[in-house]
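# Structural characterization, general
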Amino acid sequence: MKRFKILFLFIVIFSALPVLAEDGYDLWLRYKPLEDVRIQRSMAKKFGSITVTGESETANVIKQELEHALGEMLSTNISISDTWNRQALLIGTPETSSEINSLGLNEKLNSLAKDAYTIKNSRIGNRNVIVIASNTDVGALYGTFHFIRLIQTLQNISDLDIVESPKHMHRVLNHWDNLDRTVERGYAGFSIWDWHKLPRYIYPQYHDYARANASVGINGTVLTNVNANALVLTDEYIDKAAALADLFRPYGIKVYLTARFSAPIEIGGLETADPLNSEVKEFWKEIANNIYKKIPDFGGFVVKADSEGQPGPHNYNRTHGEGANMLAEALEPHGGIVMWRAFVYSHEVPVDRALQAYNEFVPLDGTFKDNVLIQVKNGPIDFQPREPYHPMFGAMPNTPLMMEFQITQEYFGHAIHLTYLAPLYKETLDTDTHVQGEGSYVSKVLDGTLHNYPTTAISGVANIGTDRNWTGHLFGQSNWFAYGRLAWDHTLSAELIADEWVRMTFSNKPAVIEPIVEMMMESREIGVNYRTPIGLHHIMAASHHYGPGPWVSGRRPDWTSVYYHNASEEGVGFDRSESGSNSVGQYPEPLRSIYNSVEDVPEKFLLWFHHLPWNHEMKSGRTLWNEMVHKYYTGAESVTWMQEKWNSVEPYIDAQRFKHVKQLLEMQRQDAIWWRNSCVLYFQQFSKMPIPDGFEKPENDLEYYENKQLRFVPGI
Ligand code: BDP
């Protein structure tokens, strides 16, 4: 009797607690019962009993995910059998299922990339069956997540003939996480990797992290910061990394580490890290052997060398080729790769920073070992809200280049501003480099079709941390999701991905989808307009990079704002035309001529490539000054429009997530005005022109904004 009383008390207490389920933890894998009960029932009848073949750990993951997803969405218990007994859903490979083997899919699957899959309405005997098949267990897992997505987003599943094949071999997240759990440019709490407790303690989040990544096809994770600590290569830390690798393996995710170039000195007791020194070579071979003993499928190294104070081959008068090849040699026998970053520039080099990586790397084309990829940021400076594509793409036909996008919003309002980044990613991917005639898109450089790269890869700097909702801002999740979806298939549109994400994260109701997707699709341009319109760039506050700082000067020039905007009474903008730094010369024709011409260059890049007088006439008929003011004001004003869109969904979504986004949007509105006022007042000193009629005057003077200091901003 007493037992029952306690149980009763428990039930009363727990049912009175607020439901914590809608705090964003579930990400897009939020499996709520389908709203239409009739559909729910008929699906439950169909998929209440299903078949997942195979004995592997990955097959178990598939089973668990389906049990969870279908169980919740269809409000029923799912029974799963290992062999097909006329169920309406059959999952496996030609090896694990004789029925799948008999469908004649092998040839098709063999012609596709690794982990490709098909989802097909088929007939086996006299039964209608949805078959999810791949040549690999991991492919079957990807297909499973796809199938779950179809149900979550209420797609018609009566006539499926889906064939999916990943466009890049390595689809990687780069964590800029330090061993002390701080995260460089991380705005969602601390690092999810608790190195102190690893390998003995495994957080449940690690599984959910792996599920989320596998659900969009991400198959690699670089655990540590590019500004690397050599300690991670010691036995103690390799054991910790191995625990994560073991956990991620069933989800098809490989682990990578960042390699500090001076590690031979720091942890190897050597006096040099010269890549041509035989002891140094030996050191790296031993490190690699050691890692592969514990992590047999270790992915390889990411390296930031000779950049922003990091050690590198230049310390020994060696080239990046010599540095990268030395590491590649150590990994080669084990099948590992080196992702060597091209983010290399120096203030001691008197050349425009935008030109330096190209100058450094393009002459080395063809000299890298086969297992080296050069990892290039999307634009030639540094993850700015808008940059033209990096001219290295297309310029190295004999060296696989891979993309580095930034998912964390270093220059885009951290985890405070709502910015959907897929339009930015797509703008770069869809740029036509023309290197092999029309249609030579950046995406085709990356996926290998243009230069026949033997290895292909793409990476994104993660925005994930210990915050309960993973990314700080709920909408940061959409950028993780979108990055993964595009890493799998760069042909998807930003809008389609947003639509999927909103349905999976919030609801299938048009009253929810339409305003949110609209808001997301505009958010990037809005963010550009109130920060860096018309090709302005790198005018943010020093160090934390959050707010405006067009006045930043007095430090190494390439880390100031005045270096990039060049504002004076004569005009504004960085002259990169043939008569300036000639960065246009790094672009192939016809882009070179287009970017070089004040008339032809797209206005979004105008001040990136040209220095122009304040009264320069824009396509709108406005002067450059008036256009700039116009952009700053409409940008800031548009955040109010975003707020209205968001407010309209209040009746349809849970209060907790609604309020979270609402508060952040209000912060964004205020910060957008802060950006606008600071930049307009700052540039006005040079233009000496009035703020056109109709725009409210900034409430404070320039001095006020220049003196505004933020303290303890995360991520530095
Ligand atoms: C810059 C960041 C810096 C990174 C660097 C990099 O400000 O924290 O270390 O990029 O990519 O954007 O190496």
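Our subject in this report is the structure included herewith. (Residues numbered from 1 in each chain as written. Predicted model: local features only at pLDDT ≥ 70, side-chain atom pairs only at ≥ 80, totals over all residues. Heavy atoms only, no water.)

### Considering the environment of Asn135
To keep it simple, the criterion reads: Comment: elements are numbered from the N terminus, with helices defined as DSSP H or I runs of at least four residues and strands as E runs of at least two. By definition, residues are in contact when any of their heavy atoms lie within 4.5 Å. N or O atoms within 3.5 Å of each other form a polar contact, as long as, within protein, one can give a hydrogen and the other can take it, and as long as residues adjacent in sequence are counted only when both atoms are side-chain atoms.
Positionally, Asn135 belongs in the loop between strand E5 (127-134) and helix H6 (137-152). On a C-alpha basis, the gap between Asn135 and Gln356 in space is 44 Å, while along the polypeptide they are 221 residues apart. Those residues within four positions of Asn135 in sequence are excluded, and the remaining contacts are Thr93, Pro94, Leu109, Asn110 and Ala116. A distance of 2.7 Å separates a polar atom in the side chain of Asn135 from a polar atom in the side chain of Asn110.

### Details of helix H2 (residues 37-47)
Using the following cut-off: Whether a residue is buried, partly exposed or exposed follows from its accessible area with a 1.4 Å probe, protein chains only, as a fraction of its type maximum: under 20%, in between, or over 50%, in that order. Our arc is simply the arc of the directions from the helix axis toward the C-beta atoms.
Of all the positions in H2, only Gln40, Met43, Ala44 and Phe47 are classed as buried. The buried residues of H2 occupy one face: seen down the axis, they fall within an arc of 105 degrees. Exposed residues on H2 whose side chains face more than 90 degrees from its buried face are Arg38, Arg41 and Lys45. For H2, the side-chain oxygen to backbone nitrogen distance between the N-cap and Arg38 is 2.9 Å, and the N-cap itself is Asp36.

### Topic: the site of the ligand
To be explicit about the condition: Here a residue counts as near a molecule or strand whenever at least one of its heavy atoms sits within 4 Å of it. Per-residue and other accessible areas were derived by the Shrake-Rupley procedure at a 1.4 Å probe size, with only the shown protein chains allowed to occlude residues. Three categories are distinguished: nonpolar for Ala, Val, Leu, Ile, Met, Phe, Trp, Tyr, Cys and Pro, charged for Asp, Glu, Lys and Arg, and polar for the others, with Gly belonging to the last.
Close contacts around the ligand come from 14 residues, with Glu184, Lys304, Arg341, Asp382 and Glu410 the closest. Within the side chain of Lys377, a nitrogen or oxygen atom sits 2.7 Å from an oxygen atom of the ligand. Within the side chain of Glu410, a nitrogen or oxygen atom sits 2.5 Å from an oxygen atom of the ligand. With the chains in place, 97% of the 320 Å² that the ligand exposes on its own is no longer accessible. Among the residues forming the shell around the ligand, the class breakdown is four nonpolar, two polar and eight charged.

### Regarding the sheet that holds strand E4 (residues 117-124)
Keep this limit in mind: Strands were regarded as paired on the criterion that DSSP finds at least two bridges between them. Angles here are taken between N-to-C directions and fall from 0 to 180 degrees, while the axes themselves are lines fitted to C-alpha atoms, restricted in helices to the stretch in contact.
The strand order across the open sheet formed by six strands is E2-E1-E3-E5-E4-E6, and the pairing between neighbours is mixed. Taken across any chain shown, the strands that pair with only one partner, and hence form the sheet edges, are strand E2 (79-81) and strand E6 (161-164). The mean inter-strand angle of the sheet, taken between neighbouring strand axes irrespective of direction, is 25 degrees. Relative to strand E3 (residues 89-92), strand E1 (residues 49-52) is paired through two bridges, and the arrangement is parallel. Bridge pairing in E3 links Thr51 to Leu90.

### Topic: unusual backbone geometry
In this structure, Pro199 follows Leu198 across a cis peptide bond, with omega equal to 0 degrees. By the secondary structure assignment, Pro199 is in the loop between strand E7 (170-174) and helix H7 (204-216). Going from Glu589 to Pro590, the amide bond is cis rather than trans, its omega being 5 degrees. One can find Pro590 in the loop between helix H18 (562-565) and helix H19 (591-596). Non-glycine residue Leu27 carries a positive phi angle of around 55 degrees. Here Leu27 lies in the loop between helix H1 (2-16) and H2.

### Considering the packing of aromatic side chains
Definition in use: The aromatic pairing rule takes the rings of Phe, Tyr and Trp, using the six-membered ring of Trp, and pairs them if the centres are within 6.5 Å, calling planes under 30 degrees apart stacked, those over 60 edge-to-face and the rest tilted.
With the rule as written, the count across this model stands at 44 aromatic pairs. Between the aromatic rings of Phe506 and Trp646, the centroid separation amounts to 5.8 Å while the plane-to-plane angle is 65 degrees, which identifies the pairing as edge-to-face. Taken together, the residues span a long stretch of sequence, with Phe506 in the loop between helix H16 (494-505) and helix H17 (510-531) and Trp646 in helix H21 (residues 624-648) at a distance of 140 residues. This pair shows no difference in class: Phe506 is buried, exactly as Trp646 is. Judged by centre distance (5.0 Å) and plane angle (85 degrees), the rings of Tyr704 and Tyr705 are edge-to-face. Residue classification places Tyr704 among the partly exposed residues on the basis of a relative accessible area of 40%.

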